[in-house]
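Structural features, examined
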Amino acid sequence: MTDQPRILYCHCAFAQVIPKDVKQGVLERLGEAGVDFDCVPDLCEMSANRDPILQQIAENPDVRIAACFPRAVRGLFVAAGHPLPQPEPEVVNMRMLNAEEATAALLRPRDESPLAQQEEAQTVETTGTGAREGNRT
Amino acid sequence: MIATKTGPRVVLYEGADASPLENSFRVELMAKLLERGLPISLARGNALNSTENKQIVLGNFGGRFPEADSSTAEFRDIAGLDAVAVVSLVEDVLAGTNDPSNTKRWKPWFPVIDFGRCTNCMQCLSFCLFDVYGATSDGKIQVQNESNCKTDCPACSRVCPEVAIMFPKYKAGPINGDEISTDDVRREGMKVDISALLGGDIYAMLRDRSAKAQSRFSKERDDERALKERQRCLNKLKAAAGDIEIPTEVLASLPSMDQIQSKAEQARQRAAQALAQQAKSTNADSGQ
């Protein structure tokens, strides 16, 4: 397993909701970063077509998705009959981030992702370390 | 790595035996192929992933192709070509295949249900005149006919009391899938009330206007004036119910008033049947 999940980029081909400079900037930066990644033309279209690629993505929890709002992405997978696995892959929202921020989130090492940090916090809570830390402050 | 079973995949290969692509060329080529509807993978590893699907492998090979299963991988040297020429080369390879991107594409505008919020009230099913919604055999709401949905019309999401209907390509939240605030829930509730203030429901208002318009048209029998009057009524409706955001072209393309009435009734019946089926399923589950 590499230090980063596989990256899946959605080009949102049919709408201008993701700014062109963000899409172009993310593709450019991922290309420069020297990582392997996958791109799909439009997750909405694939969901409506029940595209089997969605099943393959849903079966691989080790993926980071560059698309739009996580709630919408989650809904698209459910609509296609292939809900995202639990814990859910991280969805990087290119509608809200600029190209630099989105690429940084996509290339972030696995243990620095918000999901990993959340899991770590839960572990700390379970073991009681968090409470001790809390008492100290 | 993604491997589509439905059509070929384009691989931009920059591993062993290939020179790297120039960055701006790579970006331009990827954007063009994606807009053509093709999934792409960028591969820098030394070996191509095996797949049961056809791969069109593009790269600056200089006459030496990497090792791969020749029954699925088709190599093309793109050295010296511009992005347009590469797309046309890929299209030549795809010609005659059953690649889904060869078929006519449509702007994928359709409702996506957030089942974490949906209460299965069937308001969307009874509201939509275009049979976009349906119900499963056990009475659960589902989107059945995505392509029937009218592009840029988010009206059903406006009548959903739970803010559970998203249009991912919509301009603003929460309809676009953005997180929902308590203000959003309150606002959506008010919109349903606005619809009610129009005289019970939006279709009742259309029917009233239809009756008035028909009495005038029966005297005049002027098709052009009838069309104009219908347009005027619909524009008034749109002004009164502006928050519902039905695009003018959708309003203009609605069927006749009688047909609207009939469609709305059918939709209501389907919603009622789905609710009855849902209740039956729930009772059966609780009886077990």
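Conventions we followed
Residues numbered from 1 in each chain as written. Chains lettered and ligands numbered in written order. Predicted model: local features only at pLDDT ≥ 70, side-chain atom pairs only at ≥ 80, totals over all residues. Heavy atoms only, no water. Contact = heavy atoms within 4.5 Å. Buried area = accessible area lost by both parts, 1.4 Å probe. Salt bridge = Lys/Arg side-chain N within 4 Å of Asp/Glu carboxyl O. Polar contact = N/O pair within 3.5 Å; in protein donor to acceptor, adjacent residues only side chain to side chain. Helix = DSSP H or I, 4+ residues; strand = E, 2+ residues; numbered from the N terminus. Nonpolar A, V, L, I, M, F, W, Y, C, P; charged D, E, K, R; others polar. Axes fitted to C-alpha atoms, helices over the stretch in contact; angles between N-to-C directions. Parallel < 35°, antiparallel > 145°, perpendicular 65-115°, else oblique. Left-handed = near helix turned anticlockwise from the far one by under 90°. Pairing = 2+ DSSP bridges.

A separate point is the interface of chain A and chain B. At the interface, 42 residues of chain A touch 47 residues of chain B. Taking both partners together, chain A and chain B bury about 3,600 Å²; carbon and sulfur atoms supply 59% of that area. Linking chain A with chain B are 3 salt bridges. We note a salt bridge from Arg71(A) to Asp114(B), for which the minimum N-O separation is 2.7 Å. The interface formed by chain A and chain B holds 17 residue pairs in polar contact (both at pLDDT 80 or more) in total. Elements with a minimum of two residues in the side of chain A that touches chain B: strand 1 (6-10), helix 1 (20-33), strand 2 (37-40), helix 2 (43-48), helix 3 (52-58) and helix 4 (70-79) of chain A. Of the residues forming the side of chain A that touches chain B, the biggest block, 6 residues, is contributed by helix 1 of chain A. Among the residues forming the side of chain A that touches chain B, the class breakdown is 23 nonpolar, 8 polar and 11 charged.

This brings us to the packing of helix 1 of chain A against helix 1 (residues 23-35) of chain B. Contact geometry of helix 1 of chain A with helix 1 of chain B gives a least axis separation of 9 Å together with a crossing angle of 125 degrees. Of the possible angle classes, the one that applies to helix 1 of chain A and helix 1 of chain B is oblique. Handedness of the crossing formed by helix 1 of chain A with helix 1 of chain B: right-handed. Of the residues in helix 1 of chain B, those in contact with Gln24(A), Leu27(A), Glu28(A), Gly31(A) and Glu32(A) of helix 1 of chain A are Asn23(B), Arg26(B), Val27(B), Met30(B), Ala31(B) and Leu34(B). Among the residues forming the contact of helix 1 of chain A with helix 1 of chain B, the class breakdown is 5 nonpolar, 3 polar and 3 charged.

Here we come to the sheet that holds strand 4 (residues 73-77) of chain B. Taken in spatial order, the 8 strands line up as 4(A)-3(A)-1(A)-2(A)-2(B)-1(B)-3(B)-4(B) in an open sheet, and their pairing is mixed. The two strands at the open ends of the sheet, each matched to only one other strand, are strand 4 (90-93) of chain A together with strand 4 of chain B. Direction aside, the axes of adjacent strands within the sheet are offset by 20 degrees on average. By the bridge criterion, 3 bridges tie strand 2 of chain A to strand 2 (residues 40-43) of chain B in an arrangement that is antiparallel. Opposite Phe37(A), over in strand 2 of chain B, you have Leu42(B) as the bridge partner. Where helix 1 of chain B meets the sheet, it contacts strand 1 and strand 2 of chain A together with strand 1 (9-13), strand 2 and strand 3 (55-59) of chain B, and its direction lies at approximately 155 degrees from that of strand 2 of chain B.

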